[in-house]
Amino acid sequence: ADVVGNLAPAPPAPELASPADGAARGAVLQHGLFRTAASLGRLERALAAHGYEVLNPGYASTRGSVAAHAEALAAAVAARARRGPVVEWTFVGHSLGGLVVVEYLRRPDAVRPRAVVTLGTPHAGAVLADLRKHWFVFRWAMGTDAAFELSPGDPRRQLPLPCGEVFGAIAGQIAGDGHAAIPGPDDGTVGVAEALPAAAAATFVAPVGHTWLPADQQVIRAVLHFLARGNFPPAPTGR
């Protein structure tokens, strides 16, 4: 699914391109739980086509804590910074990857981002993950480290959102009643309310399921819009 779901060409939006001044503008991506960097392939191509230098490091999402993954992300960002100047940094994280980005931004050695966007990230914790964490299959597939930190009861979910003034959050909302175990509308995995922190500068809701958020054309355009202009485009599904 990570490869096949990302085969479509990147949607063009030349009006949202970064300045063509030759300066390096880094866009750092982080994939979700039980996924790979390939799950962000269409988004990566779109960002590159619009002038961003993309850093899309994979990580072993089912092994290690969110803090450990944030440390690996810090190392990847620092390694790029040593190769030459980057005039500004932006970050995009899908699902658990958004929590990794947030944890990284809390570190004292983090770069100052110009913009951050999360896609279906359970900032308030994921009720569904909490309900399933005692299942053998869940533990076997997702592990017991970062996956358990998705719980709404995890103390890290109560911490203030870093860099809220440059933070955009996108949630998915599928048609119908969604998942019965999740209060309110949801994307089949994460509730809209779980994915949209009150401290975010802007929020957006797309009619897309959780898995396909990073590859959806409307979502990719919304990401480009926020990175370029600091807000989301007006749309019937926007908030």
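What counts and what doesn't
Residues numbered from 1 in each chain as written. Predicted model: local features only at pLDDT ≥ 70, side-chain atom pairs only at ≥ 80, totals over all residues. Heavy atoms only, no water. Helix = DSSP H or I, 4+ residues; strand = E, 2+ residues; numbered from the N terminus. Rg over C-alpha atoms; globule rule 2.2 N^0.38 Å. Contact = heavy atoms within 4.5 Å. Buried < 20%, exposed > 50% of the residue type's maximum accessible area, 1.4 Å probe, protein only. Polar contact = N/O pair within 3.5 Å; in protein donor to acceptor, adjacent residues only side chain to side chain. Pairing = 2+ DSSP bridges. Right-handed = clockwise from strand over helix to strand, strands pointing away. Salt bridge = Lys/Arg side-chain N within 4 Å of Asp/Glu carboxyl O. Expected span 1.5 Å × (residues − 1). Axes fitted to C-alpha atoms, helices over the stretch in contact; angles between N-to-C directions.

1. Focus: the overall build of the protein chain
Link 1 in the chain: Check the secondary structure of the protein chain and you find seven helices and six strands.
Link 2 in the chain: Each helix (α) and strand (β) of the protein chain, taken in turn from the N terminus, gives the series β-α-β-α-β-α-β-α-α-β-α-β-α.
Link 3 in the chain: Relative to a compact globule of 239 residues, whose C-alpha radius of gyration would be 18 Å, the protein chain shows 17 Å and is just as compact.
Link 4 in the chain: For the protein chain, the spread of C-alpha atoms along the principal axes amounts to about 50 × 40 × 35 Å.
Link 5 in the chain: Taking as baseline every contact in the protein chain between residues at least 6 positions apart, the subset at least 24 positions apart corresponds to 76%.

2. Regarding the side chain of R80
Link 1 in the chain: Checked against the element boundaries, R80 lands in helix α2 (residues 66–82).
Link 2 in the chain: Overall, the relative accessible area of 9% leaves R80 in the buried class.
Link 3 in the chain: Of the polar contacts made by the side chain of R80, one reaches the backbone oxygen of G84; its length is 3.1 Å.
Link 4 in the chain: Beyond its immediate chain neighbours, meaning those up to four positions away, R80 contacts A24, E53, L55, P85, V86 and W89.

3. A few points about the pairing of strand β1 (residues 25–30)
Link 1 in the chain: Of all the six residues making up β1, six are buried; the element is thus mostly covered by neighbouring parts of the structure.
Link 2 in the chain: Where burial is concerned, the two faces of β1 agree: the one with R25, A27 and L29 and the one with G26, V28 and Q30 are both buried.
Link 3 in the chain: The pairing of β1 with strand β3 (residues 88–94) spans six bridges and is classified as parallel. Paired with V28 across the bridge in β3 is F91.
Link 4 in the chain: In terms of strand pairing, β1 meets strand β2 (residues 53–55) through three bridges, oriented parallel. In the sheet register, V28 faces β2, and the bridge partner there is L55.
Link 5 in the chain: Between the parallel elements β1 and β2, the chain passes through helix α1 (residues 41–49) in a crossover that is right-handed.

4. A word on the pattern of salt bridges
Link 1 in the chain: Under the defined criterion, the tally for this structure stands at 11 salt bridges.
Link 2 in the chain: Here R114 and E88 are joined by a salt bridge, their closest N and O atoms 2.9 Å apart. Separated by 26 residues along the polypeptide, R114 in strand β4 (residues 113–119) and E88 in strand β3 bring together distant segments of the chain.
Link 3 in the chain: For E88, a relative accessible area of 19% puts it in the buried group.
Link 4 in the chain: Here D109 makes a salt bridge to R107, at a shortest N to O gap of 2.9 Å.

5. Quick word on helix α7 (residues 217–229)
Link 1 in the chain: With 13 residues, α7 extends 18 Å from end C-alpha to end C-alpha; this agrees with the ideal 18 Å at 1.5 Å per step.
Link 2 in the chain: What α7 keeps buried is the set V219, I220, A222, V223, L224, H225, F226 and L227.
Link 3 in the chain: For α7, the elements touching its buried residues are α1, β3, β4, β5 (167–172) and β6 (202–206).
Link 4 in the chain: Just past α7, the residue G230 takes up positive phi, approximately 80°.

6. Concerning unusual backbone geometry
Link 1 in the chain: Even without being glycine, F34 reaches a positive phi, approximately 65°.
Link 2 in the chain: Here F34 is to be found in the loop between β1 and α1.
Link 3 in the chain: Accessibility expressed as a relative area gives 51% for F34, which makes it exposed.
Link 4 in the chain: Notably, C163 is not glycine yet its phi reads approximately 60°, a positive angle.
Link 5 in the chain: Examined against the element boundaries, C163 turns out to sit in the loop between α5 (136–142) and β5.

7. As for the sheet that holds β5
Link 1 in the chain: Pairing within the open sheet is parallel, and its six strands lie in the order β2-β1-β3-β4-β5-β6. In this open sheet, the two edge strands, each paired with only one partner strand, are β2 and β6. Mean inter-strand twist for the sheet, computed between neighbouring axes without regard to direction, equals 15°.
Link 2 in the chain: Looking at chain direction, β4 and β5 are connected through four bridges and run parallel.

This is a description of form; function is not addressed.
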